[in-house]
Amino acid sequence: MDAVIKFTSQSQGRDRIFRATQYACALAIYLLRNHSERKDLVAKLKSLEAHMSAGRKLFRLGNTANSIEAAKRTMQLSDRVLSLCLTVANINRALYFFCDNVLWARSVGLIRNIDKERWSVNASRCYFFSLVMNLTRDVYVVLRLMLQKARDKRCRQKMDQHLSESPEVAEAVIPQLDAFIFLLLESLKSDPALALDTLKNICDLFIPLDKLGIYQSHGGVIGFCGLMSSLIGIVTLARPTLRIKP
Ligand SMILES: *[C@@H]1O[C@H](CO)[C@@H](O)[C@H](O)[C@H]1NC(C)=O
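A few points on the structure. (Residues numbered from 1 in each chain as written. Predicted model: local features only at pLDDT ≥ 70, side-chain atom pairs only at ≥ 80, totals over all residues. Heavy atoms only, no water.)

**Focus on the overall build of the chain**
When helices and strands are counted, the chain shows eleven helices and zero strands. Ordering the α and β elements of the chain from the N terminus gives α-α-α-α-α-α-α-α-α-α-α. Its C-alpha atoms give the chain principal-axis dimensions of about 65 × 55 × 30 Å. In the chain, which comprises 246 residues, the share counted as buried stands at 41%. In the chain, the proportion of contacts linking residues at least 24 apart, taken out of those at least 6 apart, comes to 72%. (Helix = DSSP H or I, 4+ residues; strand = E, 2+ residues; numbered from the N terminus. Buried < 20%, exposed > 50% of the residue type's maximum accessible area, 1.4 Å probe, protein only. Contact = heavy atoms within 4.5 Å.)

So, in structure tokens, the structure goes:
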């Protein structure tokens, strides 16, 4: 089992590059949709996109075990809220990969008698819940940081100065809102890993929202958000200090 987990964590980099390519194709296809003279290119991009998506499914075969291991670890976190959010997120992620593996097995003909549509919706649902729990974690950590900053003397002075320097802003907008935004920006600035993770999860959210029909967006939005989140994923893999912990 350890070997499986080790291998799949190494293949994360490859998955992210494939994912970035997949969504870059989706974005390019959207941008070229009205250029009839580019039909050939669009056809090539579509085929590349499909290959990337299929290739990623094969590499993800060990990820269910990986997510279960992660859930076991996050269950032991001392912060109850963090522990709950991350454990539920990881369990949903494990279920998502399981559905994904079943869909892969069907696509290569290993199993036949399953309802593809239903498994696909279930996969999106699990992915969606995992993302929502991840975002809840981000919001919780941001709020905790903001409270900390509000109590911090130096930060309070900076805030008072900022508010008095731009009185027209403070008058036009509700002062509390201005203070809230100031604290929010200060918190995100002080923890880039948290800011990146939040942005990544928000970008990712559009994909299952669209698939589940909760919020329909067009191909351009999906391509752009997917590409952004994949690029953030690559950056955090290359620079572990930018990776949110735990
Ligand atoms: C949720 O966060 C964990 C830990 O940061 C991460 O491993 C996982 O990929 C995230 N889930 C999704 C669906 O992005």
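**Side note on the nonpolar core**
Of all hydrophobic cores here, the largest spans 13 residues; its most connected members are Met159, Leu183 and Leu194. Within the residue set of this core, elements represented by two or more residues are helix H6 (116–151), helix H7 (153–165) and helix H9 (175–190). Look past the residues within four positions of Leu194 in its chain and what remains in contact with it is Asp138, Val141, Val142, Leu145 and Ile244. Counting six residues, the second-largest nonpolar core is a separate cluster that includes Ala20, Tyr23, Ile222 and Leu227. (Core = buried A, V, L, I, M, F, W, Y, C linked by side-chain atoms within 4.5 Å.)

**Observations concerning the packing of helix H2 (residues 12–31) against helix H11 (residues 219–238)**
H11 packs onto H2 with a crossing angle of 155° between their chain directions and a minimal axis gap of 8 Å. Overall, the two elements H2 and H11 adopt an arrangement that is roughly antiparallel. Where H2 crosses over H11, the two elements pack in a sense that is left-handed. The residue makeup of the contact of H2 with H11, split by class, is twelve nonpolar, ten polar and two charged. (Axes fitted to C-alpha atoms, helices over the stretch in contact; angles between N-to-C directions. Parallel < 35°, antiparallel > 145°, perpendicular 65-115°, else oblique. Left-handed = near helix turned anticlockwise from the far one by under 90°. Nonpolar A, V, L, I, M, F, W, Y, C, P; charged D, E, K, R; others polar.)

**Digging into the packing of H7 against H9**
Packed helix pairs are specified by the crossing angle of their axes together with the interaxial distance, meaning the distance between the axes. In contact at an axis separation of 11 Å, H7 and H9 are set at 130° when each is read in the N-to-C sense. Regarding the angle of H7 to H9, the classification is oblique. In this structure, H7 meets H9 at a crossing whose hand is right-handed. Side by side, H7 and H9 meet where Cys155, Lys158, Met159, His162 and Leu163 of the first sit next to Asp178, Ala179, Phe182, Leu183 and Glu186 of the second. Of the residues belonging to the contact of H7 with H9, the class tally is six nonpolar, one polar and three charged.

**So, the environment of Asp138**
Within the secondary structure, Asp138 is located in helix H6. With a relative accessible area of 0%, Asp138 lands in the buried category. The contact partners of Asp138, leaving out residues within four places of it in the chain, are Leu194, Asp197, Thr198, Asn201 and Ile244.

**A few points about H7**
The end-to-end C-alpha distance of H7, which contains 13 residues, comes to 18 Å, matching closely the 18 Å that a straight helix rising 1.5 Å per residue would cover. Along H7, the positions that sit buried rather than exposed are Cys155, Met159 and Leu163. All buried residues of H7 lie within an arc of 70° about the axis, which places them on one face of the element. Along H7, the residues that are exposed and aim more than 90 degrees away from the buried face are Lys153, Arg154, Gln157, Ser164 and Glu165. (Expected span 1.5 Å × (residues − 1). Arc of directions from axis to C-beta.)

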